[in-house]
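Fold and contact review
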Amino acid sequence: MSKPNTRFGSKAVVGDKAASSPAQKQQQRAQQNKQQQRRDTSRPHSSSSCSSAADGVPVAMTTQSQITEAKRVFATMHQLKRLKNFLPTHLRVSLVQSLVIPIIDYCSIVYNDITEELNLKLQRSLNYAIRFIFDARRDDHITPYYRRLNWMKLKERRQYFMLSLVYQLIVKGRCPQYLKERSTLLAHIHSRNTRQHEYFLQIPRHRTVMYNNSFTVTASRLWNDLPNDVIFAATLGTFRSRLVTLLNENR
């Protein structure tokens, strides 16, 4: 019997390997692109993209987007936890403020209609970050640590950003026109114009729970409940400082 021509067979094998190498490179590039997309989604986005969601129309935020928020926080904290023993407390605070807080605050003013279960998931993700800062145990009460940092919980944070937007809308007039058209001052309705009604908003009539939890109704109700010394603050910085003090007192 004649021996098989191994020379041509070896060339064929080498040719197969050479042909497969571009495909492997393409797969590696695809994996790198996916990793880059994941890094991009973990960065805080501009707040201008969520302005259209806060125009007074009830926004149906998907359940998946809110669950993703909590997963991104836990994923970030899992990476930071590896370096916990090498980071001092002040550096942990800075890392949480720069990597975790922007994820939680992004478009938070349109999360009024989320369920209690989803709100609890987001709150637990923030609590996890607080425990990372102080190396606290899971059974430790979390409220004293919020007070040490002078931080607000999720509910107060949403109210803070919502009322700051209303202040710029009503007092400073810096918001888009479509938001102004959805806000009606009581001074434009009643003939009796007093200092109390100068910046007070009319709460739209609503019959559904969804519209009751919308930005227009919730923001108008919270704004009208503010004391006059907060509403008539001269600057936005003064307004936010007094608002934080008020929210911490009512916690």
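Criteria and thresholds
Residues numbered from 1 in each chain as written. Predicted model: local features only at pLDDT ≥ 70, side-chain atom pairs only at ≥ 80, totals over all residues. Heavy atoms only, no water. Core = buried A, V, L, I, M, F, W, Y, C linked by side-chain atoms within 4.5 Å. Buried < 20%, exposed > 50% of the residue type's maximum accessible area, 1.4 Å probe, protein only. Helix = DSSP H or I, 4+ residues; strand = E, 2+ residues; numbered from the N terminus. Contact = heavy atoms within 4.5 Å. Salt bridge = Lys/Arg side-chain N within 4 Å of Asp/Glu carboxyl O. Phe/Tyr/Trp six-rings, centres within 6.5 Å; stacked < 30°, edge-to-face > 60°. Lys NZ or Arg CZ within 6 Å of the ring centre and 35° of its normal. Arc of directions from axis to C-beta. Polar contact = N/O pair within 3.5 Å; in protein donor to acceptor, adjacent residues only side chain to side chain.

1. A look at the nonpolar core
In this structure, Val96, Trp151, Trp223, Leu226 and Phe239 are the most contacted members of the largest nonpolar core, which totals 57 residues. Top contributing element to this core by residue count: helix α7 (residues 154–172), with nine residues. If near-sequence neighbours (up to four positions away) are discounted, Trp223 is found in contact with Leu163, Val166, Tyr167, Ile170, Val171, Tyr199, Phe200, Leu201, Ile231 and Phe239.

2. A closer look at the pattern of salt bridges
Under the defined criterion, the tally for this structure stands at four salt bridges. Taking the shortest distance from any N to any O, the salt bridge between Asp140 and Arg137 comes out at 3.5 Å. Arg137 gets classed as exposed once you look at its relative accessible area, which sits at 54%. Residues participating in the shared-partner salt-bridge network are Arg137, Asp139 and Asp140.

3. Section: the packing of aromatic side chains
Tallied over the full model, the rule gives five aromatic pairs. Ring geometry for Tyr160 versus Phe161: centroids 5.2 Å apart, planes at 75°, classification edge-to-face. The interplanar angle of 40° and the centroid separation of 6.0 Å between the aromatic rings of Trp223 and Phe239 together place this pair among those described as tilted. Of the two residues, Trp223 sits in helix α10 (residues 215–224) while Phe239 sits in helix α12 (residues 236–249), which places them 16 residues apart along the sequence. One exposure class covers both Trp223 and Phe239, and it is buried. Taken together, the aromatic side chains of Tyr167, Trp223 and Phe239 make up a single cluster linked through ring pairs. One residue, Arg92, lies across the ring of Phe132, its end atom 5.7 Å from the ring centre.

4. Digging into helix α3 (residues 89–99)
Listing the buried residues of α3 in full gives Arg92, Val93 and Val96. All buried residues of α3 fall inside an arc of 100° around its axis, so they share one side.

5. Observations concerning the side chain of Thr143
Here Thr143 is to be found in helix α6 (residues 143–149). Here Lys153 takes part through its side chain, which lies 3.3 Å from a polar atom of the side chain of Thr143.

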